[in-house]
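# Observations on the three-dimensional arrangement
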Amino acid sequence: MADSIKNFVLGVFEDEDVLLKAITKVRKEGVNIHEVYSPFPVHGIEKALGYNRSRLSIAAFLFGMTGTCLALTMMIYMMTIDWPMIIGGKDFLPFPTFIPVTFEMTVLLSAFGMVGTFLVISDLKPWGKAKMFDIRSTDDKHIVAIELEKNKLNKTKITKLLKASGASEVNEKQMD
Amino acid sequence: MHVESKIRTPLITGGKTLHDVSNDISRRVEDKPSVSWLIALGISLIMLLVGGYAVYRTLWDGIGMWGLNKTVGWAWDITNFVWWVGIGHAGTLISAILLLFRQRWRMSINRAAEAMTIFAVICAAMFPLLHMGRLWLGFFWALPLPNTYGSLWVNFASPLLWDVFAISTYFSVSLVFWYIGLIPDFATIRDRAVKAGRTISASIYGALSFGWDGAAKTWSRYETVALVLAGLATPLVLSVHTIVSMDFATSVIPGWHTTIFPPYFVAGAIFSGFAMVLTLLIITRKVYNLEDYITIKHLELMNIVIIVTGSIVGIAYITELFIAWYSGVEYEQYAFYNRVTGPYWWAYFSMMACNVVSPQLFWFKKIRTNIAATFIISIVVNIGMWFERFVIIVTSLHRDYIPSSWGMFYPTIYDVGMYLFSFGFFFTAYLLFSKYFPVINMAEVKSILKPTGETKKNK
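Before going further, it helps to examine the overall build of chain A. The helix and strand inventory of chain A stands at 5 helices and 4 strands. Relative to the globule expectation of 16 Å for 176 residues, the C-alpha radius of gyration of chain A, 25 Å, shows a markedly less compact shape. By its C-alpha atoms, chain A is 80 × 40 × 30 Å across when sized along the principal axes. Among the 176 residues that make up chain A, the fraction classed as buried is 47%. Contacts in chain A between residues at least 24 apart in sequence constitute 76% of all its contacts with a sequence separation of at least 6. For chain A, the accessible surface area stands at approximately 9500 Å², while carbon and sulfur atoms represent 61% of it. The distance from the centre of the 21 positive side-chain charges to the centre of the 20 negative ones in chain A is 7 Å.

Next comes the structure, spelled out in structure tokens:
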């Protein structure tokens, strides 16, 4: 579909500190940044872009609690309710012996739940195709992608602004 | 007054740029396999094949093929299990605990160490699984599954069952942690392949990279995931060897029934794990010319971890002897007296020499910054750690409560073959990893290039 093709201006940055200053500056001018692509995690970039803190740690906690409950329910049902047995002279609810398995199940569900959530919300999957604005962004360049249709400023103004804030080159690209 | 703090030794030398990092690491994946790599792979596969025969006989004829007897019911199999699991502790320790402590030097070594961890845990898991004899029934013995005995469930009061949960959780969480870290690097290799027009490798690494594009939003989530996984993996890595030690400590066998086992085993695990990381990395670094990434400083820091954990292990050995004497229990006293002076004195002596004495040489800066010395001591430490487990297991068992049932353990060639099999698997897996996966975490190294590389200093 021709109308779904969007026009982007791409600012290419070499240095992460220049990049961070540029993002802050460009956003102050009222430019709406589509996304920034980097070869490595740049510290402070989420703050500069105004992203909220990821809530994945909350997900991890909830999955972990699920694991704890699941492990305890399983063991109490099996060892205390379904087939009670005296093992090592302990009573039918030998809680201390449940601790290791409870801990492991908590960690297991927490880790898998969080990573699964991360893969789903970030749309990462083996059959996923990466939409690369600039192939160098997995090598040594930081790419600031700005969608023209979503901005009041025109192409030349954005280009000028990016150049002024330290972009080594400014390119254009159409993506669907 | 202008005060400038002392510049630390750079972690990455050679004035690398971001592009150099991609180049140096990805090139190893893209190059044709070298002759020496093929020879090494061939040797590993032969070990796997020869050892595979021992595994086949063990499965077909039963574990009677091993040298076990009625008195010594656990010997090489559990020794190998604990040894491999111990080795499998360094990777997650490096990537999780050192991440929480913000130790940037971990970044050059975590990938290879984690890979080694995963392969070592597979090698470890093999031994208890094969010791079950009828492996195919193991699911019902080890997992809480409904069965034909009217749901006679597995025993959650048994440390052996805790081990099943601990090892499988540790393995799968380490695998996930490792893979999440690999995704951005696979994307780098994918895009290099796209650029060079290599379609097959572009699609393979494309699938492996899960469609990673390096968006800031994804990186921010990735960082959260890495931090939380590190937080989860830290107690996990400590729990695994704690639970392994409980296989022994919760029993009533003199020599095993010891409360210091958990911390002592964890220290020993880190000790042997770092030694194995050193052994492998010194070779990898040399063969792949990674001297700028894994510098002498990295080796030195790992050697310091070895002195610390080696000394903890040494103190544990002496504490054990002291407590046995101090307990006043004659069985306990005899177990340790026999351990030091009995027919297995040579195993005890090897353990002491390799684990307590040899790492003390690292107090000398000349030795801990010397590659050849580090390499030799790293191997000596792993020999010592194998003997430690052998000493704990066999010397505690071979003189039973009744002198008429005293015996010795003699391994058969099938015991040796099983051990060979685990080595064959380990080296095959490591060789394949080091050829087809990026051996150094490119994305993380790039992130520390500016603050800790040499380029910054020279500007």
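Attention now moves to the interface of chain B and chain A. Each partner contributes residues to the interface: chain B has 57 residues there, and chain A has 62 residues. Of the roughly 5200 Å² buried between chain B and chain A on both sides combined, carbon and sulfur atoms contribute 72%. Linking chain B with chain A are 0 salt bridges, by the criterion used here. Sorting the residues of the side of chain B that touches chain A by element identifies helix 1 (18-30), helix 7 (159-196), helix 8 (199-208), helix 9 (216-249) and helix 17 (442-452) of chain B as the ones contributing at least two each.

Looking now at the domain arrangement of chain A. Taken as a whole, chain A is organised into domain 1 (2-53 + 134-175) and domain 2 (56-121). For domain 1 of chain A versus domain 2 of chain A, the separation of C-alpha centres amounts to 45 Å.

On to the packing of helix 3 (residues 56-82) of chain A against helix 4 (residues 95-121) of chain A, then. Residue and element names in this part refer to chain A. Following both chains from N to C, one finds helix 3 and helix 4 inclined at 145 degrees, their axes separated by 6 Å at the closest point. For the pair helix 3 and helix 4, the crossing hand works out as right-handed. Of the residues in the contact of helix 3 with helix 4, the class split is 17 nonpolar, 9 polar and no charged.

Take the sheet that holds strand 2 (residues 33-37) of chain A next. Residues and elements named next belong to chain A. Ordered in space as 2-3-1-4, the 4 strands form an open sheet in which the pairing is antiparallel. Each edge of the open sheet is held by one strand with a lone partner, namely strand 2 and strand 4 (169-175). Looking at each pair of strands side by side, their axes are set apart by 25 degrees on average, direction ignored. Inspection of the sheet shows strand 1 (residues 6-13) paired to strand 4 by 7 bridges, in the antiparallel sense. The partner of Asn7 across the bridge, within strand 4, is Gln174. Here helix 5 (residues 155-164) sits on the sheet in contact with strand 1, strand 3 (142-147) and strand 4, set at roughly 15 degrees to strand 1.

Tallied over the entire structure, the rule returns 50 aromatic pairs over all chains. Arranged with centres 6.0 Å apart and planes meeting at 50 degrees, the rings of Tyr179 of chain B and Phe186 of chain B form a pair that is tilted. Accessibility expressed as a relative area gives 0% for Phe186 of chain B, which makes it buried. Among the aromatic residues, those joined into a ring-pair cluster are Trp76, Trp83, Trp84, Tyr344, Trp346, Trp386, Phe387, Phe390, Tyr419, Phe423, Phe426 and Phe427 of chain B. Across the ring face of Tyr51 of chain A, the terminal group of Lys217 of chain B is positioned such that the distance to the ring centre comes to 4.5 Å. One residue, Lys435 of chain B, lies across the ring of Tyr436 of chain B, its end atom 5.1 Å from the ring centre.

Before going further, it helps to examine the pattern of salt bridges. Pairs can form between side chains of opposite charge whenever their charged atoms are close. All names here are of chain A. A full pass over the atoms with the stated rule returns 19 salt bridges over all chains. Between Arg136 and Glu169 there is a salt bridge, with the nearest N and O atoms lying 3.1 Å from each other. Separated by 33 residues along the polypeptide, Arg136 in the loop between helix 4 and strand 3 and Glu169 in strand 4 bring together distant segments of the chain. Residue classification places Glu169 among the partly exposed positions, given a relative accessible area of 26%.

All names here are of chain B. Compared with an ideal rise of 1.5 Å per residue, which puts 22 residues at 32 Å, helix 5 (residues 110-131) spans 32 Å between its outermost C-alpha atoms and is within 8% of the ideal. Extensive coverage of helix 5 is indicated by the burial of 18 of its 22 residues. One or two residues past the end of helix 5 sits Gly133, with phi positive at roughly 80 degrees.

The subject of this paragraph is the environment of Thr117 of chain A. Residues and elements named next belong to chain A. Counting through the fold element by element, Thr117 comes out in helix 4. The exposure class assigned to Thr117 is partly exposed, which follows from its relative accessible area of 23%. Considered as a pair, Thr117 and Ala60 are 57 residues apart in the sequence and their alpha carbons are 9.0 Å apart. Aside from chain neighbours lying at most four places away, what touches Thr117 is Leu56 and Phe63.

A positive phi angle is found at Asp123 of chain A, which is not glycine, with a value near 55 degrees. Phi at Asn289 of chain B takes a positive value of approximately 50 degrees, unusual for a residue other than glycine. Along the polypeptide, Asn289 of chain B turns up in the loop between helix 10 (261-287) and helix 11 (296-327).

Residue and element names in this part refer to chain A. As for its placement among the helices and strands, Asp134 is situated in the loop between helix 4 and strand 3. A distance of 2.8 Å separates the side chain of Asp134 from the side chain of Arg136, its partner in a polar contact. Those residues in contact with Asp134 that sit more than four places away from it in its chain are Val12, Ile143 and Asn171.

Tracing the backbone shows Tyr337 of chain B in helix 12 (residues 330-341). As for Tyr337 of chain B and Leu321 of chain B, which are separated by 16 residues in sequence, their C-alpha atoms are 8.4 Å apart.

Residue and element names in this part refer to chain A. Most of strand 2 is tucked away, with 4 of its 5 residues classed as buried. As paired strands, strand 2 and strand 3 are joined by 4 bridges and run antiparallel to one another. What sits directly across from Ile33, in strand 3, is Ile146.

Residues and elements named next belong to chain B. A surface patch of nonpolar side chains, about 470 Å² in accessible area, is lined by Phe139, Phe140, Trp141, Leu143 and Leu145. With respect to the helices and strands, Phe139 occurs in helix 6 (residues 138-142). On the accessibility criterion, Phe139 (53% relative accessible area) is exposed.

Rules behind the numbers
Residues numbered from 1 in each chain as written. Chains lettered and ligands numbered in written order. Predicted model: local features only at pLDDT ≥ 70, side-chain atom pairs only at ≥ 80, totals over all residues. Heavy atoms only, no water. Helix = DSSP H or I, 4+ residues; strand = E, 2+ residues; numbered from the N terminus. Rg over C-alpha atoms; globule rule 2.2 N^0.38 Å. Buried < 20%, exposed > 50% of the residue type's maximum accessible area, 1.4 Å probe, protein only. Contact = heavy atoms within 4.5 Å. Areas by Shrake-Rupley, 256 points an atom, 1.4 Å probe, with all protein chains shown as cover. Lys, Arg positive; Asp, Glu negative; His and termini not counted. Charge placed at Lys NZ, Arg CZ, Asp CG, Glu CD. Buried area = accessible area lost by both parts, 1.4 Å probe. Salt bridge = Lys/Arg side-chain N within 4 Å of Asp/Glu carboxyl O. Domains from an automatic or database assignment. Axes fitted to C-alpha atoms, helices over the stretch in contact; angles between N-to-C directions. Left-handed = near helix turned anticlockwise from the far one by under 90°. Nonpolar A, V, L, I, M, F, W, Y, C, P; charged D, E, K, R; others polar. Pairing = 2+ DSSP bridges. Phe/Tyr/Trp six-rings, centres within 6.5 Å; stacked < 30°, edge-to-face > 60°. Lys NZ or Arg CZ within 6 Å of the ring centre and 35° of its normal. Expected span 1.5 Å × (residues − 1). Polar contact = N/O pair within 3.5 Å; in protein donor to acceptor, adjacent residues only side chain to side chain. Patch = residues over 30% accessible without salt bridge, like charges linked within 9 Å, V, L, I, M, F, W, Y side chains within 5 Å.

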